[in-house]
Amino acid sequence: MATEGGGKEMNEIKTQFTTREGLYKLLPHSEYSRPNRVPFNSQGSNPVRVSFVNLNDQSGNGDRLCFNVGRELYFYIYKGVRKAADLSKPIDKRIYKGTQPTCHDFNHLTATAESVSLLVGFSAGQVQLIDPIKKETSKLFNEERLIDKARVTCVKWVPGSESLFLVAHSSGNMYLYNVEHTCGTTAPHYQLLKQGESFAVHTCKSKSTRNPLLKWTVGEGALSEFAFSPDGKFLACVSQDGFLRVFNFDSVELHGTMKSYFGGLLCVCWSPDGKYIVTGGEDDLVTVWSFVDCRVIARGHGHKSWVSVVAFDPYTTSVEESDPMEFSGSDEDFQDLLHFGRDRANSTQSRLSKRNSTDSRPVSVTYRFGSVGQDTQLCLWDLTEDILFPHQPLSRARTHTNVMNATSPPAGSNGNSVTTPGNSVPPPLPRSNSLPHSAVSNAGSKSSVMDGAIASGVSKFATLSLHDRKERHHEKDHKRNHSMGHISSKSSDKLNLVTKTKTDPAKTLGTPLCPRMEDVPLLEPLICKKIAHERLTVLIFLEDCIVTACQEGFICTWGRPGKVVSFNP
């Protein structure tokens with residue numbers, strides 16, 4: 001199925017990759033799938049999803065894994081990098097008729113070695129509460145589909161709650177449930193609680209308390225995913241209408257919004273300290289949005305098709321406590337100063353909070369996040385200080401990113417630049433620090449910077465410029481009529497014709513809701529590797545490993561540097 005090492009074939013599956021912190025390696029013995037390991041026919045099926053829970057049992061092996069494949073749902077002991085997976089012994093296995101599992105979530109608050117609460121959403125709209133340890137099915141919500149008939153796209157327990165959970169549907173509605181309450185035998189009646197721009201929240205009107213407690217109607221089209229902030233106070237939602245909307249969950253107030261560059265948004269995640277949100281979607285980009293400033297601070301370009309999952313890595317997000325300093329050494333020396341130690345997530349979060357709560361800059365920080373997509377590629381990205389704090393007084397040598405002047409033509413354009421009328425030439429925009437420093441050896445020449453950056457980026461990091469993608473959009477792994485390859489600095493008129501919703505894209509492109517490509521820093525991925533035959537649907541960062549899964553039904557473990565345990569399977 002796969003070959004070792006780097007390889008030069010475009011369709012060759014990579015089984016290892018190297019970053020600054022070391023070598024990540026695929027562990028074949030830790031691959032989970034359906035017990036017979038027969039590849040799953042993914043056509044017309046819902047995405048494979050994976051959920052983890054730790055039961056804190058005395059054996060020291062408390063991790064449990066749940067995943068869905070087609071009509072099947074499996075629950076296993078997860079031994080990660082330590083021991084081979086025994087696929088013949090799932091703790092629980094369920095096969096559903098007439099509907100398929102689409103998503104699931106464990107309640108980490110109530111999990112014990114004897115019992116665990118698992119919510120499962122289905123393609124027909126129902127939500128089931130099961131206990132795969134006791135092998136019980138305790139409740140079925142929306143059983144008669146009186147609340148919502150559309151597919152469940154995301155289900156999550158409300159942080160810190162033993163009984164409340166939130167469910168999103170492809171209808172564009174979200175519902176708040178309490179496991180202690182019933183759903184009733186008739187369709188619920190609603191009363192408006194709060195209304196705002198592109199959203200409305202209703203309460204359930206009934207004599208006795210019943211589910212759902214609240215109904216949220218958000219945006220236009222399907223709700224793709226939502227995510228709670230680390231402190232549980234805010235809720236980020238992404239929709240098929242291309243909008244990220246961030247709400248204060250308790251007060252039901254809209255905190256901020258963002259629009260994709262093109263098409264729908266499919267995935268969303270929060271940084272460990274809640275300061276940044278990353279989204280991905282049908283524009284093939286990852287977009288970094290500042291929660292504090294309510295604005296786009298960077299976009300990442302590396303995928304060749306839709307981005308299906310984004311996730312932060314709390315263990316590789318680095319925090320270095322140091323005094324502010326001027327740095328005048330080489331780029332290699334600067335990289336050596338960066339600390340890529342794997343702090344525990346809670347330690348990282350507290351130190352990140354310290355970094356973001358002061359202006360004296362006692363701590364330097366690099367956020368690591370990853371993305372996977374329908375192009376079967378895994379990308380890792382670093383979000384560094386030159387992107388996060390562009391106005392801080394850094395020395396020229398320390399800000400060692402590639403510099404692209406906004407007046408030089410972006411890749412894929414026809415050479416005509418677009419500047420905002422009435423404004424002078426914008427300042428140079430930083431690109432990510434993942435390209436080699438040789439690409440910016442002549443910072444005074446715009447053409448040499450661009451040529452060097454593009455040449456190095458394409459040859460060394462397998463990322464395609466917009467122009468390259470225009471010529472290659474017919475590739476088998478990119479089956480769409482519209483992609484980033486069709487968008488240049490002059491194509492806004494064509495773009496506006498693609499989707500007509502109540503929010504006209506013509507009114508958002510070039511505004512703070514959706515800055516133009518040349519108006520924000522463009523990140524290049526640290527690594528961009530093809531790791532599967534089918535589209536990727538899962539990316540989870542654990543302390544010892546990274547977990548990915550594809551639509552073929554294989555859940556793979558990638559051991560972190562120095563964490564792989566040698567043993568005989």
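Residues numbered from 1 in each chain as written. Predicted model: local features only at pLDDT ≥ 70, side-chain atom pairs only at ≥ 80, totals over all residues. Heavy atoms only, no water.

### Observations concerning the confidence of the model for the protein chain
Thought 1: The pLDDT averaged across the protein chain works out to 77; a share of 67% of its residues lies at or above 70.
Thought 2: Every residue in residues 322-347 scores below 50 in pLDDT, and together they form 58 contacts with partners more than four places removed in sequence or on other chains. (pLDDT = per-residue confidence, 0-100. Contact = heavy atoms within 4.5 Å.)

### A short note on the side chain of Thr537
Thought 1: Within the secondary structure, Thr537 is located in strand E33 (residues 536-541).
Thought 2: Judged by its relative accessible area of 4%, Thr537 is buried.
Thought 3: At a separation of 2.7 Å, a polar atom in the side chain of Thr537 contacts the main-chain carbonyl oxygen of Val48.
Thought 4: Those residues in contact with Thr537, other than ones at most four positions away along the chain, are Pro47, Val48, Arg49, Ser308, Val309, Ala549, Cys550 and Gln551. (Helix = DSSP H or I, 4+ residues; strand = E, 2+ residues; numbered from the N terminus. Buried < 20%, exposed > 50% of the residue type's maximum accessible area, 1.4 Å probe, protein only. Polar contact = N/O pair within 3.5 Å; in protein donor to acceptor, adjacent residues only side chain to side chain.)

### Describing the pattern of salt bridges
Thought 1: If you walk through the whole model with that rule in mind, you get 10 salt bridges.
Thought 2: In this structure, the salt-bridge partner of Asp382 is Arg368, at a minimum N-O distance of 2.6 Å. With Asp382 in strand E28 (residues 377-383) and Arg368 in strand E27 (residues 363-373), this pair connects stretches of sequence that are 14 residues apart.
Thought 3: What makes Asp382 buried here is its relative accessible area of 3%.
Thought 4: The buried category is assigned to Arg368, whose relative accessible area is 1%.
Thought 5: Salt bridges here are not isolated pairs; linked through shared partners, they connect Arg20, Glu21, Arg368 and Asp382. (Salt bridge = Lys/Arg side-chain N within 4 Å of Asp/Glu carboxyl O.)

### Some thoughts on the packing of aromatic side chains
Thought 1: Considering all chains together, one arrives at 25 aromatic pairs under this definition.
Thought 2: The interplanar angle of 55° and the centroid separation of 5.5 Å between the aromatic rings of Trp270 and Phe291 together place this pair among those described as tilted. Residue Trp270 is located in strand E21 (residues 265-270), and its partner Phe291 is located in the loop between strand E23 (285-290) and strand E24 (295-301); the two are separated by 21 residues in the primary sequence.
Thought 3: Trp270 gets classed as buried once you look at its relative accessible area, which sits at 9%.
Thought 4: The rings of Tyr32, Phe52, Phe67, Tyr74, Tyr76 and Tyr78 are connected pair by pair, giving a single aromatic cluster.
Thought 5: The ring of Phe226 carries the charged tip of Lys156 above its face, separated from the ring centre by 5.5 Å. (Phe/Tyr/Trp six-rings, centres within 6.5 Å; stacked < 30°, edge-to-face > 60°. Lys NZ or Arg CZ within 6 Å of the ring centre and 35° of its normal.)

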